[in-house]
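# Summary of the model geometry
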Amino acid sequence: MRLRSKLGLSFVIAYLAVYLFAEFIAFRALIFDTANSELSGVPAILVTLPWSIMFGPFWDLVGFVKWYDRFAGTPALYGFLASLTILPGAIINAVILYYIGRAIDHVATKPPSR
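Moving on, we get to the overall build of the chain. Along the backbone of the chain there are five helices and zero strands. Overall, the chain shows an N-to-C arrangement of helices and strands of α-α-α-α-α. What you see for the chain is a C-alpha radius of gyration of 18 Å, clearly larger than the 13 Å of a compact globule of 114 residues, by over 25%. In terms of overall dimensions, the chain has C-alpha extents of about 65 × 30 × 20 Å along its principal axes. Counting over 114 residues, the chain shows a buried share of 25%. A separation of at least 24 residues holds for 74% of the contacts in the chain among residues at least 6 apart in sequence. Accessible area of the chain: about 8,000 Å², with a carbon and sulfur share of 71%.

What follows is the structure, encoded as structure tokens:
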């Protein structure tokens, strides 16, 4: 797929920057402030709404959450595996934002009708 909308691409870049910043906050809390990191993933969950809420029961159903609870030995690995559960939501939101930007771009560049 060739990206043709500059506005859609700028929406995606801005959204992914916010998502990566939220993930950075979570990783920083997990690595450097482990004692107070209970809610460190909340910003990333909020950024990927509504998909993070919808996919949560699925990840629990397939056993992924129990798997990384059991095998993640370090806080950084635990955070990485936990962030994989919300990554599909971030991708879906980025695609939706691209198509919104593309629609706005299409309407804005549409030649006037006579």
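Taken as a whole, the largest pocket holds about 410 Å³ of empty space. Forming the boundary of the largest pocket are 24 residues, of which G41, I45, Y68, A82 and T85 lie nearest the centre. Sorting the residues of the lining of the largest pocket by element identifies α1 (6–32), α2 (42–47), α3 (51–62), α4 (64–71) and α5 (75–108) as the ones contributing at least two each. If you tally residues by element for the lining of the largest pocket, the top one is α5, at six residues. Counted by class, the lining of the largest pocket contains 14 nonpolar, eight polar and two charged residues.

A separate point is the nonpolar core. Of all hydrophobic cores here, the largest spans nine residues; its members are V12, Y15, Y19, A22, A44, I86, A90, A94 and Y98. Elements with a minimum of two residues in this core: α1 and α5. Not counting residues within four places of it along the chain, the set of residues in contact with A94 comprises V12, Y15 and L16.

Right, let's talk about the packing of α4 against α5 for a bit. Running from N to C, α4 and α5 point in directions that differ by 170°, and their axes come no closer than 9 Å. As summarised for this structure, α4 and α5 are arranged roughly antiparallel, according to the angle between their axes. Seen from α4, the contacting residues are F64, W67, Y68, D69 and F71; seen from α5, they are L77, Y78, L81, A82 and T85. Tallied by class, the residues present in the contact of α4 with α5 amount to eight nonpolar, one polar and one charged.

About the thresholds
- Per chain, residue numbering runs from 1 following the sequence as it is written.
- Where local features are concerned, this predicted model is filtered to residues with pLDDT of at least 70; where side-chain atom pairs are given and counted, the filter is 80 or more; whole-chain, interface and lining totals use all residues.
- Values shown for side chains rest on all heavy atoms present in the structure; no hydrogens or waters enter the calculation.
- Here a strand is any run of E in DSSP of at least two residues, a helix any run of H or I of at least four, and the numbering for each starts at the N terminus.
- With the radius of gyration taken over C-alpha atoms, the globule rule is written as 2.2 Å times the number of residues to the power 0.38.
- Each residue gets one of three labels from its accessible area relative to the maximum for its type: buried under 20%, exposed over 50%, partly exposed in between, using a 1.4 Å probe on protein chains only.
- Two residues form a contact once any of their heavy atoms are found within 4.5 Å.
- What sets the accessible areas is the Shrake-Rupley method with a 1.4 Å probe; for residues, cover comes only from the shown protein chains.
- Space inside and on the surface of the protein is sampled on a 1 Å grid over the protein atoms alone, with a cavity defined as a set of points where a 1.4 Å probe fits but cannot get out and a pocket as an open set with protein on both sides within 12 Å along at least 5 of 7 lines; lining residues have an atom within 4 Å of a point.
- Grid points are joined across faces, edges and corners, and a volume is the space filled by probe spheres set on the points.
- Note on residue classes: Ala, Val, Leu, Ile, Met, Phe, Trp, Tyr, Cys and Pro are nonpolar, Asp, Glu, Lys and Arg are charged, and everything else, Gly too, is polar.
- By nonpolar core we mean a set of buried residues, namely Ala, Val, Leu, Ile, Met, Phe, Trp, Tyr and Cys, connected to one another through side-chain atoms within 4.5 Å.
- Under this scheme, a helix contributes an axis fitted over its contacting stretch, all axes are lines through C-alpha atoms, and angles between N-to-C directions fall in the 0 to 180 degree range.
- Should an angle fall under 35 degrees it is called roughly parallel, over 145 degrees roughly antiparallel, and 65 to 115 degrees roughly perpendicular, with every other angle called oblique.

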